[in-house]
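Working through the structure, step by step
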Number of protein chains: 2
Amino acid sequence: MNTEAPKQTSDGRLGDFLAEIEAVVGAKAILTAAEDLAPHLQEMRGLYLGDAPCVIKPASTEEVAAVVEICAKYEMAVVPQGGNTGLVGGGIPITSDKAIVLSLSRMNAIREIDATNYTMTVEAGCILQNIQAAADNADRLFPLSLGAEGTCQIGGNLSTNAGGINVLRYGNARDLVLGLEVVLPDGQIWHGLRGLRKDNTGYDMKHLFVGGEGTLGIITAAVLKLFAKPRDKVTAFAAVPNPAAAVELLGRCRTLSGEAVSSFEIIPRISIDSSVKHIAGVTDPLEQPHDWYVLVDLVAGIEDGSLSETMMTILSEAFEEELVLDATVAASEAQAAALWRIREAMVEAQKHEGGSIKHDVSVPISRVPEFLERAMAAVSERIPGIRPVPFGHIGDGNIHFNLSQPVGADKAAYLARWDEMNEIVHDIVVELGGSISAEHGIGRLKVQSNAHYKSTVEIEMMKKIKAALDPAGIMNPHKVVD
Amino acid sequence: MNTEAPKQTSDGRLGDFLAEIEAVVGAKAILTAAEDLAPHLQEMRGLYLGDAPCVIKPASTEEVAAVVEICAKYEMAVVPQGGNTGLVGGGIPITSDKAIVLSLSRMNAIREIDATNYTMTVEAGCILQNIQAAADNADRLFPLSLGAEGTCQIGGNLSTNAGGINVLRYGNARDLVLGLEVVLPDGQIWHGLRGLRKDNTGYDMKHLFVGGEGTLGIITAAVLKLFAKPRDKVTAFAAVPNPAAAVELLGRCRTLSGEAVSSFEIIPRISIDSSVKHIAGVTDPLEQPHDWYVLVDLVAGIEDGSLSETMMTILSEAFEEELVLDATVAASEAQAAALWRIREAMVEAQKHEGGSIKHDVSVPISRVPEFLERAMAAVSERIPGIRPVPFGHIGDGNIHFNLSQPVGADKAAYLARWDEMNEIVHDIVVELGGSISAEHGIGRLKVQSNAHYKSTVEIEMMKKIKAALDPAGIMNPHKVVD
């Protein structure tokens, strides 16, 4: 064990606790030095700073189970942590709690790839990008893809039901898992690593742990669904007159491609401007500026030119009907990458524009145009000069409705109005039957607002589930439901 | 109320109970005459005959809620029933219970179709075929399809997480629902009719009610996912040397079609023989007999001949490598229907071959060949002359492993060995990481064997969920978990 004294010693039994933990995982697997703890106690956007006497890094499912059992005995809460790329504080211990961080990062084995069953079995600590690469090596596709894929871990992806850019074609993380191995709050292990497409033998427990944000148990391994690797992909970047045209274009892409739209993203003009201005190598691919753009990927099993033809057919028909004002179709992988670079650069570019108040919302796809119109008007009325940057996965009805500060405004004063803006936007979202957290989860950030917007009936059901599976309340307390 | 006296009067308060129910739903919505009750108290295969003083048929969600509240007050159990096409006795009240049947059949409105959002909102009592037709009218596809679709109801489909023939491309019933409205065991209504592709606002409660077989609450309405209607479909019927070749062919179809395989079924020779023999209009489409066949559907968004070409490419390559021995590709919709008629006639044809002991199992797709080889050998060793009829959704690893009696054997004596055969087959299934109920559920039929094969940890979790959501135990008791 690290010789530096643990920071938190409010409980006199901490030494006994750590000794028992050490007997299970070994001294090297317990971090207690401040500089070792720091990266585990801070959320990446800097919104949350937590506290914990140690970070424990077990190497196996059995070690996780033993650690949890000891934690239960000492009434020490457990905050599971993957790549710590979450945006709602779900993986950060709350300072007032008596809690340790349990990092899954050492459990990073790919246990099995069964290409014939289109599955792979991976441990929670596997980095998403490594999983994608392993699937690719087996001539398969693991389609989950999102900004943090180089550092996020699959255990976290599953616990938060991650979304990303390929949901339209392949589903959320929830839809990409067939079986789970989970350490339960009492230290028992649920061996649920089934690789079956059909299994109706009782309640589907895995769907509680997926999206449960570590509040019901710790996912230690999973059987993931793989897909045939597309042999062809065509990327287009099209200017559209308004969001309603984007939604109409989506329907045509779905139909004519035979449901082979893997991504369908919306980008407002302001993002093109800021990306071109701030991010090296990004250029506007179209000659004239337009208000709105969509970025579309279609995929196919055969590379015979027919997919490009389909895309051209869709775009030219849409152009004639003025649903599309201008468009470019990538003629090479490099050109496709350049188009995607625009989309990826947006988040970084926005940082150069001052404070940004963020929303991760969804509404039915049919209501996206109304949502955008109403929400943009409402925030502009409250803060004249505010610059909405609504972008993202319009194909899933999921808009990252970010709001850049007015030019020249005071950043801190602007950010102080975060909750006020959230309330305006979320009220409209909920009125349209939408979600106040489409893909980032609840964590700490949205516990209160979730309780505000969800029905009492649903919140009470969630609490009953929590109490049933974690009666002592030691799993990631105060997250999701409080 | 019907004037005939209720059959079950063990509780003196039955009259009070019925009076309170009548005040909610009206006299016509309460069936008590023996001939009215009969069709609701018997499972379609005749395996279960139940008992209940009445069948209650509410007309709205509010009425369902009020009925459940009254049932809770009188400690009267509630057995929800849809089209009563289940095969495991899940919708039949157990005679020893004090229970009523709650039929959802009057709640059969399609509340909304939102073609732009690719969703429709339907009540539980909607017949599956009517939902398919309504989607089709809106130029959309609702892909759930199974033998009973002309009579089964969507509430039952969801409660049992129905599978069927299109799971490979579109998923199980579970994957086709975005939101639910549920009457909870205390009579509260959960209004969860969300039509969102992304919603990470807490535990995903709908996945407990889907597949919960009415033991946790009563699904009264659902938001279903729709898809673009395929513009082209190509059906092929191919003879393969063995199941391993079928699995290899599946992989090629998945890759070359770009994951557009909507069905992939396996059929053994014995089924062709009995269908041709017993079912009018069924003929063997190939010249020579072969041991195994697959029936394949590919779908596409454009009808330009390219899908047929893809199918021909797959088959001719497979033919050269002796993965396919002979094949025919339907040249018209009528020909495709004739090929599907073979598959659909099988169940009926088998009835003419005497007693049939049935299994609805799944294993990882990669293990299907081993499963078939081992299971067929094991049952033949135990009962010489037994005639295995393994058919079904090999694309999902789901085999209906039916066993026809030896020619000339005594039917009753053969059927008396049902449990013995189940044990042999299920032992092999579980050893291969499979499921003893792939798509039919647990109901009453498999409660004991499920408890036998599943880990104590998982069964205990299920019991905790049941106790948390239905502490009084009034929802469909003794089903799923006992």
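Residues numbered from 1 in each chain as written. Chains lettered and ligands numbered in written order. Predicted model: local features only at pLDDT ≥ 70, side-chain atom pairs only at ≥ 80, totals over all residues. Heavy atoms only, no water.

Our focus in this paragraph is the UniProt feature "domain: FAD-binding PCMH-type" (unreviewed entry) in chain A. Those places that UniProt annotates as "domain: FAD-binding PCMH-type" (unreviewed entry) correspond, in this numbering, to residues 48-229 of chain A. Helix makes up 20% of residues 48-229 of chain A and strand makes up 25%, while its end C-alpha atoms are separated by 39 Å. (UniProt positions renumbered as here; feature names shortened; annotations may be inferred. Helix = DSSP H or I, 4+ residues; strand = E, 2+ residues; numbered from the N terminus.)

Let us look at the environment of Leu37 of chain A. All names here are of chain A. Within the fold, Leu37 resides in helix α2 (residues 34-37). For Leu37, a relative accessible area of 1% corresponds to the buried category. C-alpha separation for the pair Leu37 and Val101, spaced 64 residues apart in sequence, amounts to 9.1 Å. (Buried < 20%, exposed > 50% of the residue type's maximum accessible area, 1.4 Å probe, protein only.)

The next subject is the relation of the copies chain A and chain B. With an RMSD of 0.0 Å, chain A superimposes on chain B once it is rotated by 180 degrees and translated 0.0 Å along the axis. Expressed as a symmetry operation, the mapping of one chain copy onto the other fits a two-fold axis. A share of 100% of the interface residues of chain A reappears at the interface of chain B, consistent with the copies meeting face to face through the same patch. (Least-squares fit on C-alpha atoms with pLDDT ≥ 70 in both. Contact = heavy atoms within 4.5 Å.)

Another aspect to go through is the pairing of strand β6 (residues 119-123) of chain A. Residue and element names in this part refer to chain A. Of all the five residues making up β6, five are buried; the element is thus mostly covered by neighbouring parts of the structure. The alternating pattern of β6 places Thr119, Thr121 and Glu123 on one face and Met120 and Val122 on the opposite face, and all of these are buried. Following strand β5 (residues 110-114), the chain reverses through four residues before pairing antiparallel with β6; Tyr118 in that reversal takes a positive phi of roughly 55 degrees. Both β6 and strand β10 (residues 218-225) contribute to a ladder of five bridges, which runs antiparallel. Across the sheet, the residue bridging to Thr121 is Val223, located in β10. (Pairing = 2+ DSSP bridges.)

Looking now at the interface of chain A and chain B. Counting from both sides, the interface comprises 84 residues of chain A and, opposite them, 84 residues of chain B. The largest contributions to the chain A side of the interface with chain B come from Lys198, Asn200 and Tyr203 of chain A, which together make up 15% of the buried area. Summed over the shared surface of chain A and chain B, the number is eight salt bridges. Residue Asp204 of chain A is joined to Arg174 of chain B by a salt bridge in which the shortest nitrogen-to-oxygen separation is 3.4 Å. The interface formed by chain A and chain B contains 48 residue pairs in polar contact (both at pLDDT 80 or more). Every element with two or more residues in the side of chain A that touches chain B is listed here: α6 (167-170), β9 (189-192), α7 (206-209), β11 (227-228), α8 (243-257) and α16 (456-469) of chain A. Top element by residues in the side of chain A that touches chain B is α16 of chain A. It accounts for nine residues. Of the residues belonging to the side of chain A that touches chain B, the class tally is 32 nonpolar, 34 polar and 18 charged. (Buried area = accessible area lost by both parts, 1.4 Å probe. Salt bridge = Lys/Arg side-chain N within 4 Å of Asp/Glu carboxyl O. Polar contact = N/O pair within 3.5 Å; in protein donor to acceptor, adjacent residues only side chain to side chain. Nonpolar A, V, L, I, M, F, W, Y, C, P; charged D, E, K, R; others polar.)

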